[in-house]
Amino acid sequence: MNLKGKDIISIRDLTKKDIEYILKTAEKMEKSSDRPLKGKILSCMFFEPSTRTRLSFSTAMERMGGDVIGFASKETTSVAKGESLKDTIKTVENYCDVIVIRHPKEGASRLAADVSKIPVINAGDGSNQHPTQTLLDLYTIKKEKNRLDINIALIGDLKYGRTVHSLVYALAMWDAKITLVSPEGLEMPREVLGDLNRFNAKINETDDIETAISNSDVLYVTRIQEERFPDPGEYEKIKGAYRITLDTLKHAKKDLIILHPLPRVDEIAQEVDDSPYARYFEQVNNGVPVRMAVLGLVLGGVR
Ligand code: NCD
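The structure presented is a predicted model; accordingly, all values stated were derived computationally and were not measured. (Residues numbered from 1 in each chain as written. Predicted model: local features only at pLDDT ≥ 70, side-chain atom pairs only at ≥ 80, totals over all residues. Heavy atoms only, no water.)

### Some details on the overall build of the protein chain
Right, so step 1: Per the secondary structure count, the protein chain includes 10 helices and 9 strands.
Right, so step 2: Scaling as 2.2 N^0.38, a compact globule of 303 residues should have a C-alpha radius of gyration of about 19 Å, and the protein chain matches this with 19 Å.
Right, so step 3: With respect to the three principal axes, the spread of C-alpha positions in the protein chain is 55 × 45 × 40 Å.
Right, so step 4: Across the 303 residues in the protein chain, those meeting the buried criterion constitute 55%.
Right, so step 5: Look at the contacts in the protein chain between residues 6 or more apart in sequence, and 72% of them connect residues 24 or more apart. (Helix = DSSP H or I, 4+ residues; strand = E, 2+ residues; numbered from the N terminus. Rg over C-alpha atoms; globule rule 2.2 N^0.38 Å. Buried < 20%, exposed > 50% of the residue type's maximum accessible area, 1.4 Å probe, protein only. Contact = heavy atoms within 4.5 Å.)

### Section: the sheet that holds strand β5 (residues 151-155)
Backbone hydrogen bonds are what pair the strands of a sheet, in a parallel or an antiparallel way.
Right, so step 1: With parallel pairing, 5 strands are arranged side by side in an open sheet as β7-β6-β5-β8-β9. Strands with a single pairing partner mark the edges of an open sheet, and in this sheet they are β7 (202-205) and β9 (257-259). Within this sheet the neighbouring strands show an average axis-to-axis angle of 20 degrees, counted without direction.
Right, so step 2: By the bridge criterion, 4 bridges tie strand β6 (residues 177-181) to β7 in an arrangement that is parallel. Looking across to β7, one finds that I178 is bridged to I203.
Right, so step 3: Contacting β5, β8 (218-221) and β9, helix α5 (residues 131-145) crosses the sheet at an angle of about 170 degrees to β9. (Pairing = 2+ DSSP bridges. Axes fitted to C-alpha atoms, helices over the stretch in contact; angles between N-to-C directions.)

### Some remarks on the domain arrangement of the protein chain
Right, so step 1: Here the protein chain is described as being made up of domain 1 (11-128 + 287-298) and domain 2 (131-284).
Right, so step 2: With centres defined by C-alpha atoms, the gap from domain 1 to domain 2 works out at 25 Å.
Right, so step 3: Summing the contributions of domain 1 and of domain 2, the shared interface buries around 2,400 Å²; its carbon and sulfur component is 61%.
Right, so step 4: In terms of surface lost to domain 2, no three residues of domain 1 exceed I11, R12 and R52, which account for 27% of the buried area on that side.
Right, so step 5: For the interface between domain 1 and domain 2, the tally reads 4 salt bridges.
Right, so step 6: For D195, the salt bridge is made with R12, and the minimal N-O distance between the two is 3.1 Å.
Right, so step 7: For the side of domain 1 that touches domain 2, the secondary-structure elements that each account for two or more residues are α1 (16-31), α2 (52-63), β3 (98-103), β4 (120-125) and α10 (280-299).
Right, so step 8: The biggest single contributor to the side of domain 1 that touches domain 2 is α1, with 8 residues.
Right, so step 9: Broken down by class, the residue content of the side of domain 1 that touches domain 2 amounts to 13 nonpolar, 8 polar and 10 charged. (Domains from an automatic or database assignment. Buried area = accessible area lost by both parts, 1.4 Å probe. Salt bridge = Lys/Arg side-chain N within 4 Å of Asp/Glu carboxyl O. Nonpolar A, V, L, I, M, F, W, Y, C, P; charged D, E, K, R; others polar.)

### A closer look at the site of the ligand
Right, so step 1: Every residue near the ligand is listed here: T53, R102, H130, Q133, R162, T163, R223, Q225, P261, L262 and P263.
Right, so step 2: With respect to the ligand, the side chain of R102 contributes an N or O atom lying 3.0 Å from an oxygen atom.
Right, so step 3: Taking Q133, its side chain carries an N or O atom lying 3.1 Å from a nitrogen atom of the ligand.
Right, so step 4: Out of a free accessible area of 320 Å², the ligand has 94% covered by protein chains.
Right, so step 5: Considered class by class, the residues forming the shell around the ligand number 3 nonpolar, 5 polar and 3 charged. (Near = heavy atom within 4 Å. Polar contact = N/O pair within 3.5 Å; in protein donor to acceptor, adjacent residues only side chain to side chain. Areas by Shrake-Rupley, 256 points an atom, 1.4 Å probe, with all protein chains shown as cover.)

### Considerations on the packing of helix α6 (residues 162-173) against helix α7 (residues 190-198)
Right, so step 1: Closest axis-to-axis distance for the α6/α7 pair is 11 Å, and the angle between their directions is 10 degrees. In this view, α6 runs roughly parallel relative to α7, as classed from their interaxial angle. On the side of α6, the interface is formed by V168, Y169 and A172, while α7 contributes V192, D195 and L196.
Right, so step 2: Here the contact of α6 with α7 is built from residues that sort into 5 nonpolar, no polar and 1 charged. (Parallel < 35°, antiparallel > 145°, perpendicular 65-115°, else oblique.)

### Structural notes on the packing of aromatic side chains
Right, so step 1: Summed over all chains, the structure comprises 5 aromatic pairs.
Right, so step 2: Look at F47 and F71: their rings are 5.2 Å apart centre to centre, the planes differ by 75 degrees, and that puts the pair in the edge-to-face class. Taken together, the positions of F47 in the loop between β1 (41-46) and α2 and F71 in strand β2 (residues 67-71) put the pair 24 residues apart, joining distant regions of the chain.
Right, so step 3: Residue classification places F47 among the buried positions, given a relative accessible area of 9%.
Right, so step 4: With relative accessibility at 13%, the residue F71 sits in the buried group.
Right, so step 5: Measuring from ring centre to ring centre gives 5.5 Å for Y280 and F281, while their planes differ by 65 degrees; the resulting arrangement is edge-to-face.
Right, so step 6: Y280 gets classed as buried once you look at its relative accessible area, which sits at 1%. (Phe/Tyr/Trp six-rings, centres within 6.5 Å; stacked < 30°, edge-to-face > 60°.)

### Details of the packing of α5 against α6
Right, so step 1: Between α5 and α6, the least distance of the axes is 8 Å, while the angle of their chain directions is 55 degrees. The orientation of α5 with respect to α6, classified from their angle, is oblique. Between α5 and α6 lies a crossing whose hand is right-handed. Only T163, S166, L167, A170 and L171 of α6 make contact with α5, whose side of the interface consists of P131, Q133, T134, D137 and L138.
Right, so step 2: When grouped by side-chain class, the residues that make up the contact of α5 with α6 number 5 nonpolar, 4 polar and 1 charged. (Left-handed = near helix turned anticlockwise from the far one by under 90°.)

In structure tokens, the structure reads:
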């Protein structure tokens, strides 16, 4: 498997074999203290807020002996003076070996990859894609359940949430049974459902949250993406539309696990954190070996 020099912009840039290879490599990374990226530099270009994605990419790079440069907000860069994304990329590519980019506009990461001579990894472009989050979600499911052909319910803002847009394509590769639950107006985009139907994905939509939970092995919850609403009034109307509490979970399977890409606002009650179902902080922890695998493979330091 050769992922050296590859851009990772959409989960669909990866085959099922590529994904399996990344997950296997991530497992090895958990036990490895090698520093195969010594002398390599990662640039984190974050035009949008981030806690986990940016810091786990940085940790992953440093654990492998590499260095990290970059910025966490566009206000501190020449973009604030009106510089284009293209010119910013044509500049940054001279300082590093790989770029991780997060941007509010859909398609920005693809544009960055098109103009860059070094590999570009998408850390989220608007409501479009977030492929490395999906890799760590799959890694977590595999670790907890030992398989990926699970029954999973995705609950939340399926319209603007980029993590679920990447995740559904990957789950469909493993023939997972996917149930979608969202407040009215925040359903999975029809284009995504159209694509999934073409692959004969096992997917259904419901508003019966309790039944969806009771049939699931994995519950994947997301927050309402307030910052993507064109009209703040619309967000005000819909906020708090769903909330997972111990009571909502009373008919859950004993071995249900709950994942969330985080940040959480109020869609999972704090009381759930201490239940046997919660795995979202383990999921955070898995971001490091998975991003080590991605960086190692793309930079060719790991095979
Ligand atoms: C997600 C994102 O940025 O899309 N966060 C993350 O990377 N873990 C989810 C979100 O912001 O809701």
